Structure formats: C-alpha cells, structure tokens
Amino acid sequence: MAAGYGDILRARHAARLLTGTLVGRLPNGTGHIAIVLFTRAEGGSYTLAGALAAAYGLATAVGQPLLGRAVDLYGQPRVQLPAAVLSALGMALFAVTGLGSLPLACAAVVLAGVATPPLEGGLRALWPSVLKREDQVHRAYALDAVAQEIMFTVGPLLVTLLVSLWSPAAALLVINALGVLGALSVVLSEPSRAWRSAPREAHWLGALRSPGLLALLGAFFFVGLALGSITVAAVAYADDQGRESVYGWLMAALGLGALTGGLAYGARQWAGPPERRLRAIVGLLALGYLPLALTPPLPVMALLAALAGVFLAPAIACSFIVVDRHAPRGTVTEAFSWLVTTFGVGAAAGTAAAGPAVEFGSTSWSFAVAGAGGVAALVVLLATGRVLGADSVPVRAPAVVTGSENDRNGAVEPGFSTGPKA
C-alpha cells in the first residue's frame, strides 16, 4: 500500500501540487468555523454567525463552477491566483471592519466565497499530465480524497490554535494568507503553467449538458446531505451523553474510518467499469449510515461511526473517475467544481434538516437523516443506470494537447489507455 502512494509522491511535481492545493484550500475548509468564532468574538449572535457562515458557503457554491469554467477557458494561473487574492481580500475586509456595518460584513464574506479558487478541480485536471499512467491517476484520486479528510481534521484545529494564541481576526488573516501562498505554489508549477483544456464545444450549459454527470451530481447531493446531517446529529448525541468531548470522538472516528477506507481503496487496482463500482460503494456507504440511528452507548457508537466512514473516501475517489469519464470535452475543471458545489449544497441541506429532526424528534431521527441520504444516493444511481453506465460514456477522438486532460477529455500519454475499460 505504502509503496504505491510513495511512487505517486515521488513523481515530479506531485508532492508540491498536492501540498499546495491542500494549503490553498484551507480558507474554504475552515472559513465557516473562522467566521462563526470571529462573529461571536465581535458580540454577534449565533444566528448572525450562522447566517454569515451560510452566506459564505452559498457564495462558494455559486463561484466554484463559474471559476472552474474560466479555468477551462483561460488556464489555471490566470484564474486561480487572482481569485485566491480576491477571496483573501474579502476575508481581510471582514476581519478589519468587523460587524460595524452588517451589509459590508455580508458583502465581504460573499466576495470571499464567490472568489474561492477551484483548486480542488484544478488538481484533478493536472494529475494525468503529472503521473502519465491511468492506474496512478486513479490512485492519486484516492490519495486526494484521503488528504481532504486530513485537511478537514487539521484545519479546524489550526483555526482554534490561532484564536487561542492571537485572536479570531488574526485566524482569519493567517488562514487566508496561507491560502494565497498555497495557490501561488500551485500556479507557479510547471504542470499548472503548461496545462491547457481540450477544445470544447460552445454551449451555455457547459459540463451540465452531460446526462451522466447530472446523475452523479444528483447522487452526491444526497451523499453530502448524509454527511452534513451527521455533524449536527453528533452534537445532539454529545449533549445526550453530557460530554462535549463526545462530539470530537465521533468525528475523529468518522475521519479515521474514511482515512482507512481511502488508503485501502487506492492501494489496489480495480477491474470493471467505475460506474458499477460506485453503485456498490454507495450501497455500502448507505448501509454504514443506517445503524447510527440506533444511538447505542459511546464505545459502540464510535465503532459504528468508524465503519460508516470507511466507504466515504472510496466513494469520493471513485466519483472523481466517473466525473472524468462523463465530463464533456474541455470542461473537466468545471465538472469537478460542480461536484464540489453539489456536495457542499447537500451538506448544507443535511445540516438544515438534522436540526429540526433533533428538535421535533430525537437524536435518532437526526442520524436517520444520514441513513435516508445514503439510501437516496443509491436510489439515484440505480435509477439513472442507463445514463450513468459504461456504455453511455461519450467516445471522443483524442486530441493531443500538451498537459491536457485525462482519459476521454484530452491528451493521450504513453501508457495511457483511452478506450473502454473491461
């Protein structure tokens, strides 16, 4: 297992791109937490803090596919770095002006969200030109999913450390400064500067004209819903247990499961169409979420949370492959950005749904929202099998473009197969 990932990280530019992307995405991964802590420190209510965090999240969801399309059209350096700087300036404005003017505060966080650079989609577009071999690209997708779990674990800890050492305003400024440095590291790299999207058909829908991609996005809205509901349900479970630390244990167990599952998934080569494999993984993911509604004692609950997390990173990694196969030619960054947006909107919806489930039902009901989300994701994948199948993958004449897209979206590299997989 370690040898396979070591080969990826030893590839020229790979470690730099992965690290730069993770650091560049710190503002996005921690923005909602930093906004809430800063708003509360400024004397704002929890309602206002939640509203500003929600505005930031929705603005990010809107901006990601738009900036992703711009990257496909104009290249990475011309979009990613200016967007990162603009986003950091928006958050800096929020940190400096505070809550003195609520319209200005809202405008600042919206600017920061809309301008969040699509580094996540950009990295997945770069992997083929860095690694060359398809099996390594697929393993890199798994490593990418695992790295996300680490970032979402370490990022909040970094924010709270900065708050304790300095202040919430300093945390906002430092995190966003790091984000700019991460984006700068990526766009100054040779693969980012050389990358060009494959020629694309002019169409106002862009990546969304692919029926297979739409089916995948529909499914991952519900995967995001399941994950978002668990964050609220875990808080309710901790309250029931009378210990705030229980929340941390549950989320750590969930993250450990995802980390283990992602590493195991990427350690081997998989036969057969990824669309069929994705249906199986999402089915197991749903099966893992359902027992959480039983809300057993903490030791058992922690074990169930770890098991529930095992199939999350593999599901995300496999979805990257499916996106790459179904994205219309020349739209790969936009397509990946739509996946990020849909997952994020689903998570927000899950958070919103789990709250009333706790208030009007019980903690079990809030965990049942997660189970229902997993089942709904599986139903979408099964119902759309006709458009999200191996036979429905568009066959395109390969265009040899230096540093271009993976698989059916662009460049044919030595040792890279662009035909249907057995």
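Nothing here was measured: the structure is a model prediction, and the numbers come from that model.

This part takes up the packing of helix α5 (residues 77-97) against helix α9 (residues 168-187). Following both chains from N to C, one finds α5 and α9 inclined at 175°, their axes separated by 9 Å at the closest point. Taken together, α5 and α9 sit at an angle that is classed as roughly antiparallel. From α5, P77, Q80, L81, A84, V85, S87, A88, M91, A92, F94 and A95 reach across to α9, where they touch A169, L172, L173, N176, V180, A183, L184 and V187. Grouping the amino acids of the contact of α5 with α9 by side-chain chemistry returns 16 nonpolar, three polar and no charged.

Attention now goes to the layout of surface pockets. Estimated volume of the largest pocket: approximately 2,000 Å³. Around the largest pocket, the lining is made up of 49 residues, and of these G29, H32, F152, T231 and A347 lie nearest the centre. Within the residue set of the lining of the largest pocket, elements represented by two or more residues are α3 (26-41), α4 (46-74), α7 (119-131), α8 (134-165), α11 (211-241), α12 (245-266), α15 (312-326) and α16 (332-360). The greatest single-element share of the lining of the largest pocket, amounting to nine residues, is contributed by α16.

A few words on the packing of aromatic side chains. Following the criterion strictly, the structure yields seven aromatic pairs and no others. Centroid distance Y141 to F336: 6.3 Å. Interplanar angle 65°. Geometry classified as edge-to-face. A residue pair is termed long-range when its members are at least 10 positions apart, and Y141 in helix α8 and F336 in helix α16 qualify at 195 residues. Assigned by exposure class, Y141 and F336 land together as buried. Taking 6.5 Å as the distance between ring centres and 75° as the angle between the ring planes, the aromatic pair formed by Y237 and F367 counts as edge-to-face. Taken together, the residues span a long stretch of sequence, with Y237 in helix α11 and F367 in helix α17 (residues 363-383) at a distance of 130 residues.

Turning our attention to the side chain of S129. Along the chain, the position of S129 falls in helix α7. The buried category is assigned to S129, whose relative accessible area is 13%. A polar contact is formed between the side chain of S129 and the backbone oxygen of L126, at a distance of 2.9 Å.

Their axes nearest at 8 Å, the elements α3 and α4 cross at an angle of 155°. Overall, the two elements α3 and α4 adopt an arrangement that is roughly antiparallel. By crossing handedness, the relation of α3 to α4 is classed as right-handed. Judged by residue contacts, P27, N28, G31, H32, I35, V36, T39 and R40 of α3 engage Y46, L48, A49, L52, A53, Y56 and T60 from α4. Residues belonging to the contact of α3 with α4 are distributed by class as follows: nine nonpolar, five polar and one charged.

Applying the stated criterion across every chain, the model contains three cavities of 30 Å³ or more. In this structure, the largest cavity encloses a volume near 120 Å³. At the level of secondary structure, the elements contributing two or more residues to the lining of the largest cavity comprise α3, α4, α5, α7 and α9. Partitioning the lining of the largest cavity into residue classes produces eight nonpolar, seven polar and two charged. Here the second largest cavity defines a volume of roughly 60 Å³. Together, I230, A234, L250, M251, L254, L292, M301, A305 and F367 line the second largest cavity. The greatest single-element share of the lining of the second largest cavity, amounting to three residues, is contributed by α12. Among the residues forming the lining of the second largest cavity, the class breakdown is nine nonpolar, no polar and no charged.

Side chains that carry opposite charge are capable of pairing whenever their charged atoms lie near each other. Within the structure shown, the criterion is met by six salt bridges. For R69, the salt bridge identified is with E334, shortest N-O distance 3.0 Å. Here R69, found in helix α4, pairs with E334, found in helix α16; they are 265 residues apart in sequence, far enough to count as distant. For R69, a relative accessible area of 23% translates into the label partly exposed. On the accessibility criterion, E334 (1% relative accessible area) is buried.

Rules and cut-offs
- Residues numbered from 1 in each chain as written.
- Predicted model: local features only at pLDDT ≥ 70, side-chain atom pairs only at ≥ 80, totals over all residues.
- Heavy atoms only, no water.
- Axes fitted to C-alpha atoms, helices over the stretch in contact; angles between N-to-C directions.
- Helix = DSSP H or I, 4+ residues; strand = E, 2+ residues; numbered from the N terminus.
- Parallel < 35°, antiparallel > 145°, perpendicular 65-115°, else oblique.
- Contact = heavy atoms within 4.5 Å.
- Nonpolar A, V, L, I, M, F, W, Y, C, P; charged D, E, K, R; others polar.
- 1 Å grid on protein atoms, 1.4 Å probe; cavity = no way out; pocket = protein on both sides within 12 Å on 5 of 7 lines; lining within 4 Å.
- Points joined across faces, edges and corners; volume = space filled by probe spheres on them.
- Phe/Tyr/Trp six-rings, centres within 6.5 Å; stacked < 30°, edge-to-face > 60°.
- Buried < 20%, exposed > 50% of the residue type's maximum accessible area, 1.4 Å probe, protein only.
- Polar contact = N/O pair within 3.5 Å; in protein donor to acceptor, adjacent residues only side chain to side chain.
- Left-handed = near helix turned anticlockwise from the far one by under 90°.
- Salt bridge = Lys/Arg side-chain N within 4 Å of Asp/Glu carboxyl O.

Read these as geometric descriptors, not functional statements.
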